Amino acid sequence: ALMMRGWFVPRICVQPLVRLSRSMFSTQTSPPGPLVMSGSRVADEIFEKIDTQFSQIKHNTINVPSLVIIWAGESKQIETYIRMKQLACKKLGFHSHVEKCSPSASEDDIIKTIHSYSHNPKVHGIIVQLPLPRHINSMNVVSAVDPEKDVDGLHPTNLGKIMQDTRPYFRPCTPAAIHVLL
């Protein structure tokens, strides 16, 4: 079995897909015990690649990548998750901003906020932090994001491109991360 943060996947399902070097894995017990993947090692390698690429780009442009996270909730866990996203941006030299909307904000107010960032050329990526409060239709809100700035890849245009097996503007992060690990 493969263990990823408490989830187990049968080894037979994973073995044909493993493309990472064995240094990414450690065996807790001798086979057929669980195979533990080191996501932090993979993340460090990805950060290094992005940092190298961005360092080269940085010298040729004054336009630093900018991420806006739009959040309308109240959860300490989500707040921590958002802070981790901001730290990752800072580590790479990207700008990040959290637009904290009131949990009682209307759907229209959140959509207006999204439109203002979607039309801002200095903003390159937008994340609508889910879940949204119950009175807000998440699909309407996610659909308001410019598909070219939809970092989570949840806009219907990006989902359609994924279903058609064509390149979306952004791929959803969690499935993309799992693909990299496998």
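Data block above holds the structure.
Caption draft 1: Looking closely at the overall build of the protein. Each helix and strand in the protein was counted, giving 7 helices and 7 strands. Order of helices (α) and strands (β) in the protein, N terminus to C terminus: β-β-α-β-β-α-β-α-β-α-β-α-α-α. In the protein, which comprises 182 residues, the proportion classed as buried is 32%. Nonlocal contacts in the protein, meaning residues at least 24 apart in sequence, comprise 60% of its contacts between residues at least 6 apart. For the protein, the computed accessible surface area is about 11,800 Å², with 59% contributed by carbon and sulfur atoms.

Caption draft 2: Just the nonpolar core, in detail. Ile-70, Ile-110, Ile-114 and Val-141 are the most contacted members of the largest nonpolar core, which has 17 residues in total. Where this core is concerned, the elements lending two or more residues are strand 5 (66-71), helix 4 (107-118) and strand 7 (125-128). With 4 residues, the single largest contributor to this core is helix 4. With residues up to four places along the chain from it excluded, the contact list for Ile-110 reads Ile-70, Ala-72, Cys-101, Ala-105, Ile-136 and Val-141. Ranked by size, the runner-up nonpolar core spans 8 residues in total, among them Leu-67, Ile-82, Cys-89 and Ile-127.

Caption draft 3: Representation of the environment of Leu-130 within the structure. Position of Leu-130 among the secondary structure elements: in the loop between strand 7 and helix 5 (138-143). Residue Leu-130 is classed as partly exposed on the basis of its relative accessible area of 30%. It is 9.4 Å that separates the C-alpha atoms of Leu-130 and Val-142, two residues lying 12 residues apart in sequence. Setting aside its immediate chain neighbours within four residues, Leu-130 contacts Ile-78, Ser-138, Val-142 and Leu-154.

Caption draft 4: Region of interest: the packing of aromatic side chains. Per the stated rule, a full pass over the model turns up 0 aromatic pairs. Across the ring face of Trp-71, the terminal group of Lys-100 is positioned such that the distance to the ring centre comes to 4.3 Å.

Caption draft 5: How the structure looks around the sheet that holds strand 5. Across the sheet, which stays open at both edges, the 3 strands sit in the order 6-5-7 with parallel pairing between neighbours. Edge positions in the sheet fall to strand 6 (95-100) and strand 7, since each of these pairs with one other strand and no more. On average, each strand axis in the sheet is inclined to that of its neighbour by 15°, with strand direction left out of account. Packing against the sheet, helix 3 (residues 76-92) makes contact with strand 5, strand 6 and strand 7, and its axis sits at approximately 175° to strand 5. Helix-sheet contacts for helix 4 involve strand 5, strand 6 and strand 7, and the interaxial angle to strand 5 is about 180°.

Caption draft 6: Structural view of the side chain of Thr-113. Tracing the backbone shows Thr-113 in helix 4. Taking relative accessible area as the criterion, Thr-113 reaches 17% and is therefore assigned buried. A distance of 3.0 Å separates a polar atom in the side chain of Thr-113 from the backbone oxygen of Asp-109. Apart from residues lying up to four places away in sequence, Thr-113 is in contact with Ile-70 and Glu-99.

Caption draft 7: Fine view of the pairing of strand 6. Of the strand pairs in this sheet, strand 5 and strand 6 are connected by 6 bridges, and their pairing is parallel. Residue Ile-69 lies in a different strand from strand 6, and its bridge partner there is Val-98.

The rules behind the values
- Residues numbered from 1 in each chain as written.
- Predicted model: local features only at pLDDT ≥ 70, side-chain atom pairs only at ≥ 80, totals over all residues.
- Heavy atoms only, no water.
- Helix = DSSP H or I, 4+ residues; strand = E, 2+ residues; numbered from the N terminus.
- Buried < 20%, exposed > 50% of the residue type's maximum accessible area, 1.4 Å probe, protein only.
- Contact = heavy atoms within 4.5 Å.
- Areas by Shrake-Rupley, 256 points an atom, 1.4 Å probe, with all protein chains shown as cover.
- Core = buried A, V, L, I, M, F, W, Y, C linked by side-chain atoms within 4.5 Å.
- Phe/Tyr/Trp six-rings, centres within 6.5 Å; stacked < 30°, edge-to-face > 60°.
- Lys NZ or Arg CZ within 6 Å of the ring centre and 35° of its normal.
- Pairing = 2+ DSSP bridges.
- Axes fitted to C-alpha atoms, helices over the stretch in contact; angles between N-to-C directions.
- Polar contact = N/O pair within 3.5 Å; in protein donor to acceptor, adjacent residues only side chain to side chain.

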